[in-house]
Amino acid sequence: MADQDDVNSTRRLVTTMSAALPLAYAALAAVPRSADAAAAKDNGSKRANPATSTSVKETLPPAGILMHPEYAQVIARMAYVWGWPMVNMLNRNARITKAPYPGLLAGVLPAAPRGQVGMLHDYIDPAETFVTCPNQDVVYGLGFFSLDEEPVVAQVPDFGDRFWVYALYDARTNQFGHLGKPYKTRRGFYLLAGPNWKGIKPVGITDVIRCPTALANAIPRVFQNDTPQDKQAIQTVLNQIVFYPLKQFNGRMKTIDWMNAPIIQPPTEDKGSDEGGGETKWVIPEKFFDQFPQVLDTVAPLPGEEALYAQFRSLMEVANRDPEIKKILVSTAVDTEQQAIAPFFEWRRNGVPAGNNWNRSTNNAQTGFDYFDRTGTAKSNMFDNRPNETQYFYTDFDASGQALNGANTYEITFAKGEEPPVNGFWSLTLYNDKHLFHANDLKRYSLGTKNTSLKRNADGSMTLYAGAKSPGSDRESNWLPAPAGAFSLYIRAYWGKQSILDGSWKPPQIRTKA
């Protein structure tokens, strides 16, 4: 993770939370140091007296103040936007680590106990609702860790020429460590450790990778061509993607036959928790401020965030002894969910304009003080990769500014040589209005590098089609089936070349087929 001091990020935050201007300005006034400096700070201690326990030697709110409701609302609103991604992480961790052993939760989602990772053996099932905007270009894994009390060994097999990356996320949803083909990572054993782990590197461990927070998770991604041959060929390397607690390390590569991973039935209380057919509702506004103190106690402030933490702790101290203020926190959370969080689901409210009515990601997975991006991403498409690993382009609109609708057939034409310039792979994915896959008879959800049957036009360009109806049998190989109503389009550029990174490459226009 790299901290960002981009002025534009600060302005977006202040615009979003204008009521909290003095508070936000105080927190952003300090120039951030590196993530390594933040990682070195103690993030595990619980502080009983918010007035005396901080690294900032300034006057802070004392315990016992009488906070009036309007002030509490201002601080609570900022706390909700700021803390939403971290509470989101807490609840995903709690759900996934209920798995008694590595396997497939409900036969769909990789899951494992704390300290391990579950792996798929093929593309993710379109029925999953754990996370929005999954892709069907890679084979995924998933696991959560508590790295201070239990460091984890990540096995890296020999992937050959195949693209791969182990995306490692801290409690802020930012990536830490660099494991993957873009980093020329070599085969070996890598130890993931928390900021307060005091051990030394064991013999046989290739490197130790420090996470700035104790809570962490891993989502391995391994590229797979959409052919029976490659789906078979990938199994050997997938079976060597194994994560496990340090106490189990013996210097030898472990293997798990992921094709025969057991199915795990979710607990009764976890069933039926999705939100109207959309992503599982990971943040419950009415419970948010019951969980928020855990974030403050386990995620150390970045240098410059001390003022925010002081105000948040003061708010919680008051709420703990004043039932009326606690009620205000709950009502503020409900209102802020609707007014400030829900709009992030629209692509036009995420990232920055990329041309032709598309937006693109910015500080993905390395947000620093860019709370706008961190919270927007957590709501719309959580667990993205760093910009150098993946750039994302997304839209709900065609070239004329009209909302995409399956009643129309759209043409997305890449001029000759103008497909996304990548060292890895690219794809165009279609999502329904919940940012999930649209079930269809072709079982096709994305098109791109993985597909060997795409047809080109006579001039060397390539046109992809999106709509509820087939564009014709001669074009069907290039067609993404859409629902009858609203949908989104989403371009991934994995390991992008310079024109992807600097924004000079523009995504194509989306035109209604005549």
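Here's what I pulled together on the structure shown here. In every chain, residue numbers begin from 1 and rise along the written sequence. Thresholds applied to this predicted model are a pLDDT of at least 70 for local features of residues and 80 or more for the giving and counting of side-chain atom pairs; totals over whole chains, interfaces and linings are not thresholded and use all residues. The basis for every side-chain value is the complete set of heavy atoms in the structure, and neither hydrogens nor water enter the calculation.

**Quick word on the pattern of salt bridges**
Oppositely charged side chains are able to pair whenever their charged atoms sit close together. Formally: Only one rule defines a salt bridge in this text: a Lys or Arg side-chain nitrogen within 4 Å of an Asp or Glu carboxyl oxygen. Here a helix means four or more residues in a row that DSSP labels H or I, a strand means two or more in a row labelled E, and each is numbered from the N terminus. Between buried and exposed lies partly exposed: a residue is buried under 20% and exposed over 50% of the maximum accessible area for its type, with that area taken using a 1.4 Å probe on protein chains only.
Here the structure, examined in full by the defined rule, presents 15 salt bridges. D297 is the salt-bridge partner of R313, the closest N and O atoms lying 3.1 Å from each other. Here R313 is found in helix α8 (residues 306–321), whereas its partner D297 is found in helix α7 (residues 285–298), with 16 residues between them in sequence. In this structure R313 comes out as buried when scored by relative accessible area, which is 10%. One salt bridge connects D433 with K434, and the closest N-O pair in it is separated by 3.6 Å.

**Observations regarding the packing of aromatic side chains**
Selection rule: The pairing test for Phe, Tyr and Trp rings, Trp by its six-membered ring, is centres within 6.5 Å, and the orientation test on the planes gives stacked under 30 degrees, edge-to-face over 60, and tilted for anything in between. Each ring is checked for a lysine NZ or an arginine CZ that lies within 6 Å of its centre and within 35 degrees of its normal; such an atom marks a charge sitting over the ring.
The tally for this structure, following the rule as stated, stands at 33 aromatic pairs. Aromatic pair F292 and F312: ring centres 5.5 Å apart, planes at 70°, arrangement edge-to-face. Separated by 20 residues along the polypeptide, F292 in helix α7 and F312 in helix α8 bring together distant segments of the chain. For the residue pair F292 and F312, the accessibility class agrees, reading buried in each case. An aromatic cluster is built from Y80, W82, F288, F289, F292, Y309 and F312, whose rings are joined through pairwise contacts. Over the ring of Y244 we find K254; its NZ or CZ atom is 4.8 Å from the centre of that ring.

**Details of the pairing of strand β19 (residues 462–467)**
Defined as follows: Here a strand pair is declared whenever DSSP counts at least two bridges between the two strands.
In terms of burial, β19 is largely enclosed, as six of its six residues are buried. Across the two faces of β19 the burial is the same, with M462, L464 and A466 and T463, Y465 and G467 all buried. The pairing of strand β16 (residues 410–414) with β19 spans five bridges and is classified as antiparallel. Within β19, the position partnered with Y410 by the bridge is A466. Both β19 and strand β20 (residues 479–481) contribute to a ladder of three bridges, which runs parallel. Considered in β20, the bridge of A466 is made with L480.

**A short note on the packing of helix α4 (residues 69–96) against helix α10 (residues 371–380)**
Packed helices, taken two at a time, are described by the angle between their axes plus the distance between the axes. Note the threshold: Here an axis means a line fitted to C-alpha atoms, over the contact stretch when the element is a helix, while the angle between two N-to-C directions is reported on a 0 to 180 degree scale. Just so you know how the angles are binned, under 35 degrees is roughly parallel, over 145 roughly antiparallel, 65 to 115 roughly perpendicular, and the rest oblique. Here is the rule for handedness: rotate from the far helix to the near one, and if that takes an anticlockwise turn smaller than a right angle the crossing is left-handed, while a clockwise turn gives right-handed. Note on contacts: a residue pair is in contact if any heavy atoms of the two residues lie within 4.5 Å.
Following both chains from N to C, one finds α4 and α10 inclined at 50°, their axes separated by 9 Å at the closest point. One element, α4, and the other, α10, form an angle in the oblique class. In this structure, α4 meets α10 at a crossing whose hand is left-handed. Contact with α4, carried on its side by M78, V81, W82, W84, P85, M86 and N88, involves Y371, R374, T375, A378 and K379 of α10 and no other residues of that element.

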